[in-house]
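# Structure assessment
Take a look at the letters that make up each chain.
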Amino acid sequence: ALDRKLGPEPLEDGFTEDALAAALRGRTAPVKALLLDQSIVAGLGNIYVDEALFKARIHPLTPAGTLDVERIARLRETIRQVLADGVRFRGPSFSSF
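Heads up: these notes are all about the structure in this document. Nothing here was measured: the structure is a model prediction, and the numbers come from that model.

Residues L20, V31, L35, L44, L75 and I79 are the most contacted members of the largest nonpolar core, which totals 24 residues. Contributions of two or more residues to this core are made by α1 (17-24), α2 (31-36), α3 (46-56) and α4 (69-89). Excluding residues that lie within four positions of it along the chain, L75 makes contacts with L20, V31, L35, A52, L53, A56, I58 and L67.

Let us look at the packing of α3 against α4. Where α3 meets α4, the closest approach of the two axes is 8 Å, and the angle between their N-to-C directions is 130 degrees. The angle between α3 and α4 places the two elements in the oblique class. Every pair of crossing elements has a handedness; the one defined by α3 and α4 is right-handed. Touching Y48, E51, A52, L53, K55 and A56 of α3 are R74, L75, T78, I79, Q81, V82, L83, D85 and G86, all from α4. Looking at the contact of α3 with α4 residue by residue, the class counts come to eight nonpolar, three polar and four charged.

This next bit is on α1. The set of residues buried in α1 consists of L20, A21, A23 and L24. All buried residues of α1 lie within an arc of 165 degrees about the axis, which places them on one face of the element. Where α1 is buried, its residues contact α2 and α4. Positive backbone phi, approximately 75 degrees, marks G26, located one or two places after α1.

How each quantity is defined
Residues numbered from 1 in each chain as written. Predicted model: local features only at pLDDT ≥ 70, side-chain atom pairs only at ≥ 80, totals over all residues. Heavy atoms only, no water. Core = buried A, V, L, I, M, F, W, Y, C linked by side-chain atoms within 4.5 Å. Buried < 20%, exposed > 50% of the residue type's maximum accessible area, 1.4 Å probe, protein only. Helix = DSSP H or I, 4+ residues; strand = E, 2+ residues; numbered from the N terminus. Contact = heavy atoms within 4.5 Å. Axes fitted to C-alpha atoms, helices over the stretch in contact; angles between N-to-C directions. Parallel < 35°, antiparallel > 145°, perpendicular 65-115°, else oblique. Left-handed = near helix turned anticlockwise from the far one by under 90°. Nonpolar A, V, L, I, M, F, W, Y, C, P; charged D, E, K, R; others polar. Arc of directions from axis to C-beta.

The structure is reproduced here in structure tokens:
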């Protein structure tokens, strides 16, 4: 089924620091590329990944496996924050107008 191919949804309980750390552990690919991979985290698009990484102060090209516990915790929190804000404001935190 499709849901077996998707990673956890960021606003649900399964998106824990441990789950994110496990998904990124040992990976040499850039963190941005992995966050866009729906099998790692479901539902993240380019704008939300960029915004979360910016707010977490993590460069998009950082090899994912090099993130320490503190940066993974900060990244998880900013992902949840930008998505919750997107739901509340019906889009990303910036406007194209």
